[in-house]
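So the chains spell out like this:
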Amino acid sequence: MNYQKVDAALATALNDVQNSEEPSLAVFIHTEPILNSAATAVLESLGVSGVSSGKDIFTATLSPNAISQLSEQSWVKYLKRSQQLRLVNRRINIGKLGI
């Protein structure tokens with residue numbers, strides 16, 4: 001594992017995973033903009049969809065083993081954990097904020 005390419009949140013999550021073969025971590029994969037056919041094949045074999053030359057950010061749900069494999073690739077710049085989004089259109093009760 002090349003931890004220089006893995007952000008802190010992803011590194012922490014990797015330590016908490018029980019099964020290193022199970023795809024359980026949502027990640028952003030930042031790559032070089034022009035991928036060769038070998039790089040494209042690696043991404044597709046890991047289940048990354050929408051792989052095409054010219055793109056440089058991909059999303060996928062990967063296993064710790066797949067993340068380790070990607071971190072060792074020269075064409076991968078870094079891997080970042082994707083966070084669960086939450087709804088932002090909820091009303092906030094301003095009275096409870098102490099303003």
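The structure reproduced in this document is the subject of the present report. (Residues numbered from 1 in each chain as written. Predicted model: local features only at pLDDT ≥ 70, side-chain atom pairs only at ≥ 80, totals over all residues. Heavy atoms only, no water.)

1. Here we look at the overall build of the protein
Regarding its fold elements, the protein presents 3 helices and 3 strands. The linear arrangement of helices and strands in the protein, starting from the amino end, is α-β-α-β-α-β. Split into buried and exposed, the 99 residues of the protein put 31% on the buried side. A total of about 6800 Å² of accessible surface is found on the protein, and carbon and sulfur atoms cover 49% of it. (Helix = DSSP H or I, 4+ residues; strand = E, 2+ residues; numbered from the N terminus. Buried < 20%, exposed > 50% of the residue type's maximum accessible area, 1.4 Å probe, protein only. Areas by Shrake-Rupley, 256 points an atom, 1.4 Å probe, with all protein chains shown as cover.)

2. Side note on the nonpolar core
Counting residues in hydrophobic clusters, the biggest one holds 24 residues, and the most contacted among them are I29, L43, L62 and L70. If you list the elements that add at least two residues to this core, you get α1 (8–16), β1 (25–31), α2 (37–45), β2 (57–62), α3 (64–71) and β3 (76–81). Leave out the neighbours within four places in its chain, and L62 touches E22, P23, S24, L25, V27, I29, L46, I67 and L70. (Core = buried A, V, L, I, M, F, W, Y, C linked by side-chain atoms within 4.5 Å. Contact = heavy atoms within 4.5 Å.)

3. Considering the side chain of T40
Its location among the elements puts T40 in helix α2. Setting aside anything within four residues of it in sequence, one finds T40 in contact with L35 and V51.

4. What about the sheet that holds β1?
Pairing is antiparallel in the open sheet, where 3 strands are placed in the order β2-β1-β3. Taken across any chain shown, the strands that pair with only one partner, and hence form the sheet edges, are β2 and β3. Between one strand and the next, the sheet's axes are offset by a mean angle of 30°, whatever the strand orientation. Relative to β2, β1 runs antiparallel, the two sharing 6 bridges. (Pairing = 2+ DSSP bridges. Axes fitted to C-alpha atoms, helices over the stretch in contact; angles between N-to-C directions.)

5. A word on α3
Where α3 is concerned, the buried positions are P64, A66, I67, L70 and S71. Angular distribution of buried residues about the axis of α3 spans 160°; they occupy a single face of the element. Close packing links the buried residues of α3 with α1, β1, α2, β2 and β3. (Arc of directions from axis to C-beta.)

6. Describing the environment of T12
Structurally, the position occupied by T12 is in helix α1. Separated by 69 residues in sequence, T12 and R81 place their C-alpha atoms 9.7 Å apart.

7. Quick word on the environment of V76
Mapping V76 onto the fold places it in strand β3. The exposure class of V76 is buried, given its relative accessible area of 1%. A C-alpha to C-alpha distance of 4.3 Å links V76 and T31, two positions 45 residues apart in sequence. Among all residues touching V76, those that are not within four sequence positions of it are K5, H30, T31 and L70.

8. Quick look at the environment of I29
By secondary structure assignment, the location of I29 is in strand β1. The class of I29 is buried, set by a relative accessible area of 0%. Separated by 41 residues in sequence, I29 and L70 have C-alpha atoms that sit 8.6 Å apart. Apart from the residues within four sequence positions on either side, I29 is in contact with L43, V48, D56, I57, F58, A60, L62, L70, Y78 and L79.

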